[in-house]
Amino acid sequence: MQLLELRLKNFGKFSGQRICFHPGVNIISGENEMGKTTIHSFIRGMLFGITAQRGRAAKNDEYTLREPWENPYYYAGTLKLESGGKVFRIERNFQKRDKSVSLVCETDGEEMSVEHGDLEVLLEGMNEQAFRNTIFITQKSSATDAGLAEELKNYMTNLREAGDAGIYVETALKSLNEKKKRTQSIIRQEEAGNEEQAEQISRRMEYVRQELDSAEREVQERRMRSRELEERWKLAVMQYKKAADAARQQHKESEDVIRDSIGRSRREEAERRAALRKKRRALQLTAAFLSLAAFLGCIFLPSVTGKAAVAAVWLLCMLAGVWYVIRSGGSSQNGEMGADTYREPGPETGRIREPSYGTETNAAKEAAKLAEGLESLQGERQKMSWGIEHLKAEIAEKKILLGNLEESLEEAHSLKGNLESLKKELEALELADRTIRTVSREGYLTLAEQVEEKASGIIREITEGKYTSISLDENMDVKVNTPDRLLKLSQVSRGTADQMYFAVRMAAGEVFTKGACMPVILDEAFAMYDDRRLFNTLKWLKKSGRQVILFTCHRREEEMMKRI
């Protein structure tokens, strides 16, 4: 792959800037503050994008540093590259509110998809971290970071397990770790929640059982009292029937006595009235006789005195008769019968008044009392029946509740099986983590040997045989083999250390891309090299056949390239 053209439409200090590249070594030189690092950053941004950070990190992140000086809302550029004999164009809008990217094959006029990995294919499967740690060197960090070791582990493990480098061990381990944390959290919650839930359900079940036992005992007690009430009811009914029969008999006997008394009273009254009528007729006859005698005396007696005497006698007789009649009538009304004597219907009543014999009989009183007792017992019986039915309904509800609680307790206990399953899942995740790490380490060691071999060949050439080999540990830390001893990079000069890192970067880049020639993009990467080291390194780069884009503030790189 080779870069052909950059168009910085609006990026940092540049607006509408066009830069073209050719195969081989391209040197872009200029004074400081000319924008070399901005162009260097633009290349990486066009290939992988630029993400805006949040919070405090956003103040000095790459997105903020490279924002256009003018019109920051238009933040875009274009990059053309050649791969496999075809020309491709990448267009990006970096503006975080309207971010977009497109990939077009200008040779075929075909629009391709960045989202589906077409750009990654052009980059030979290299991601941004591998890119930064191999063929893209900034002026501040010639050394590799810990990410290169991780990428090598990812790369080698994926080649062994999946046949390609598209799956990343670091991502897999991160995903496993997240799943482990979630599973552990669920296990803790389930253990705490299940125990508390089961305990609450058990306490509730015990309380319901106690209430159920109490209700059943009360039902039994009420049934016993109900049977006692039934016995009392039957006895009271028998007593009432006897008392009612006795009261009816007494009432009947009383009616017979009354009827006899009434008959007697009526006969006696009739006899008295007949005698009274006889006396009245006798008086009437006597009065008539006396009146006739007085009349005749007054006619036939010659003297007035005799006539007056006869009239006086007649008047006295008449008065005596009236007095007798009046006296006889009063006696007939106020005789011995008194209140028990029946009279003729009068204008006040219109009927004959029945005789009164005072209060009720004892049997009637007893029957009335027993009737009141029966009504009271009937109320108690009804109340007892309602109470028993209510308790039965309550018992049925509590049995349903108890059944539901038993099901809930069984469900809580069944969750223990789920906990066991979760624990087994956690064990499986931990096993997968250990396995991936083991395989990753083994793969890395195998791949590291390839990097060591390639890097050693590069370092022998650019140091003219002074250093013959490089060793790498599992963290990608570099050590240098000399004929006398093994040295750490802290024991050699800064220029030598930069050469070692350069060799490792180039070797790792070849391993990542399976030997494909990718452009090497360097920003002041040789600032600590002396002229001899620089000459040998530029010579190796030109010999490698790679496209090199070198940003520098010095002229010596150009002068040396003319000599090579």
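Cut-offs and rules
- Residues numbered from 1 in each chain as written.
- Predicted model: local features only at pLDDT ≥ 70, side-chain atom pairs only at ≥ 80, totals over all residues.
- Heavy atoms only, no water.
- Helix = DSSP H or I, 4+ residues; strand = E, 2+ residues; numbered from the N terminus.
- Buried < 20%, exposed > 50% of the residue type's maximum accessible area, 1.4 Å probe, protein only.
- Contact = heavy atoms within 4.5 Å.
- Areas by Shrake-Rupley, 256 points an atom, 1.4 Å probe, with all protein chains shown as cover.
- Core = buried A, V, L, I, M, F, W, Y, C linked by side-chain atoms within 4.5 Å.
- Pairing = 2+ DSSP bridges.
- Axes fitted to C-alpha atoms, helices over the stretch in contact; angles between N-to-C directions.
- Parallel < 35°, antiparallel > 145°, perpendicular 65-115°, else oblique.
- Nonpolar A, V, L, I, M, F, W, Y, C, P; charged D, E, K, R; others polar.
- Salt bridge = Lys/Arg side-chain N within 4 Å of Asp/Glu carboxyl O.
- Patch = residues over 30% accessible without salt bridge, like charges linked within 9 Å, V, L, I, M, F, W, Y side chains within 5 Å.
- Expected span 1.5 Å × (residues − 1).
- Left-handed = near helix turned anticlockwise from the far one by under 90°.
- Phe/Tyr/Trp six-rings, centres within 6.5 Å; stacked < 30°, edge-to-face > 60°.

(A) Inspection of the overall build of the protein at higher detail. Check the secondary structure of the protein and you find eleven helices and 13 strands. For the protein, the residues scored as buried account for 36% of the 564 residues in total. Partitioning the intrachain contacts of the protein with sequence separation of at least 6 by distance along the chain shows that 68% fall at a separation of at least 24. Summed over all atoms, the accessible surface of the protein reaches about 33900 Å², with 51% contributed by carbon and sulfur.

(B) Local environment of the nonpolar core. Among the nonpolar cores identified, the biggest contains 38 residues, and Ile-470, Phe-502, Leu-522 and Phe-526 are the most heavily contacted of them. If you list the elements that add at least two residues to this core, you get α8 (362-462), β9 (469-472), β10 (478-481), α9 (494-512), β12 (520-523), α10 (531-544), β13 (548-552) and α11 (556-563). The element best represented in this core is α9, accounting for nine residues. Ignoring anything within four residues of it in the chain, the contact list for Ile-470 reads Glu-452, Ala-455, Ser-456, Ile-459, Val-478, Lys-479, Asn-481, Met-500, Ala-503 and Val-504. Core analysis: the second largest hydrophobic core is formed by 37 residues, Ile-50, Phe-94, Leu-123 and Ala-130 among them.

(C) Fine view of the pairing of strand β6 (residues 100-105). The pairing of strand β5 (residues 86-93) with β6 spans six bridges and is classified as antiparallel. Residue pairing in the sheet places Glu-91 in a bridge with Ser-102 of β6. A loop of six residues connects β5 with β6, the two strands running antiparallel in sequence. One ladder, built from three bridges, connects β6 with strand β7 (residues 110-112); its direction is antiparallel. Paired with Cys-105 across the bridge in β7 is Glu-110. From the end of β6 to the start of β7, which pair antiparallel, there are four residues, and Gly-109 there has a positive phi angle of about 65°.

(D) The packing of α9 against α10, seen in detail. Interaxial distance between α9 and α10 falls to 11 Å at its minimum, and their mutual angle equals 10°. Between α9 and α10, the interaxial angle falls into the category roughly parallel. In this structure, α9 contributes Gly-495, Thr-496, Gln-499, Phe-502 and Met-506 to the contact, and α10 contributes Arg-533, Thr-537, Trp-540 and Leu-541. Per-class residue counts for the contact of α9 with α10 are four nonpolar, four polar and one charged.

(E) Representation of the pattern of salt bridges in the model. Applying the stated criterion to the full structure yields 25 salt bridges. In this structure, the salt-bridge partner of Glu-199 is Arg-203, at a minimum N-O distance of 2.9 Å. With a gap of four residues between them, Glu-199 and Arg-203 both fall in helix α6 (residues 169-300), about one helical turn apart. What makes Glu-199 partly exposed here is its relative accessible area of 48%. The partner of Glu-510 in a salt bridge is Lys-454, and the shortest N-O contact between them spans 3.6 Å. You can see Glu-510 sitting in helix α9 and its partner Lys-454 sitting in helix α8, a full 56 residues away along the chain.

(F) Broad picture of the side chain of Gln-95. Position of Gln-95 among the secondary structure elements: in the loop between β5 and β6. For Gln-95, the residues in contact, after removing those within four places along its chain, are Tyr-63, Pro-72, Tyr-73 and Tyr-75.

(G) Structural context of the sheet that holds β10. Strands sit in the order β9-β10-β11 across an open sheet of three strands; the sheet is antiparallel. At either margin of the open sheet sits one strand with a lone partner, and together these are β9 and β11 (486-488). When strand polarity is set aside, the average angle formed by the axes of neighbouring strands in this sheet is 35°. Sheet topology note: the β9/β10 ladder contains four bridges and is antiparallel.

(H) View of a nonpolar patch on the surface. Where nonpolar side chains cluster on the molecular surface, the patch consists of Leu-315, Leu-316 and Leu-319 and spans about 310 Å² of accessible area. Along the chain, the position of Leu-316 falls in helix α7 (residues 304-333). Classification of Leu-316 by relative accessible area gives exposed; the value is 58%.

(I) Up close: helix α1 (residues 36-48). Spanning 13 residues, α1 covers 19 Å between terminal C-alpha atoms, matching the ideal 18 Å at 1.5 Å per step. Most of α1 sits out of view: eleven of its 13 residues are buried. Of the residues trailing α1, Gly-49 is marked for its positive phi of about 85°.

(J) Structural detail: the packing of α10 against α11. Look at α10 against α11: their axes get within 10 Å of each other, and the N-to-C directions meet at 60°. Relative to α11, α10 is oriented oblique. For the pair α10 and α11, the sense of crossing is right-handed. Residue-level inspection shows Asp-531, Leu-534, Phe-535, Leu-538 and Lys-542 of α10 in contact with α11, the latter providing Arg-556, Glu-557, Met-560, Met-561 and Arg-563. Of the residues contributing to the contact of α10 with α11, the split by class is five nonpolar, no polar and five charged.

(K) Main features of the side chain of Thr-513. Following the sequence through the fold, Thr-513 ends up in the loop between α9 and β12. The contact partners of Thr-513, leaving out residues within four places of it in the chain, are Glu-124, Met-126 and Met-518.

(L) Structural detail: the packing of aromatic side chains. On inspection of all chains with the given rule, the structure shows ten aromatic pairs. For the ring pair Phe-11 and Phe-42, a centre distance of 5.0 Å and an interplane angle of 75° mean the geometry is edge-to-face. Highlighted residues: Phe-11 in strand β1 (residues 2-11) and Phe-42 in helix α1, separated in sequence by 31 residues. One exposure class covers both Phe-11 and Phe-42, and it is buried. Judged by centre distance (5.4 Å) and plane angle (50°), the rings of Tyr-75 and Phe-94 are tilted. With Tyr-75 in the loop between α2 (62-65) and β4 (76-83) and Phe-94 in the loop between β5 and β6, the pair connects residues that are 19 residues apart, well separated along the chain. The same class applies to Tyr-75 and to Phe-94, which are both buried.

(M) Molecular detail of the environment of Glu-211. Within the fold, Glu-211 resides in helix α6. The spatial distance from the C-alpha of Glu-211 to the C-alpha of Glu-394 is 9.7 Å, given a sequence separation of 183 residues.

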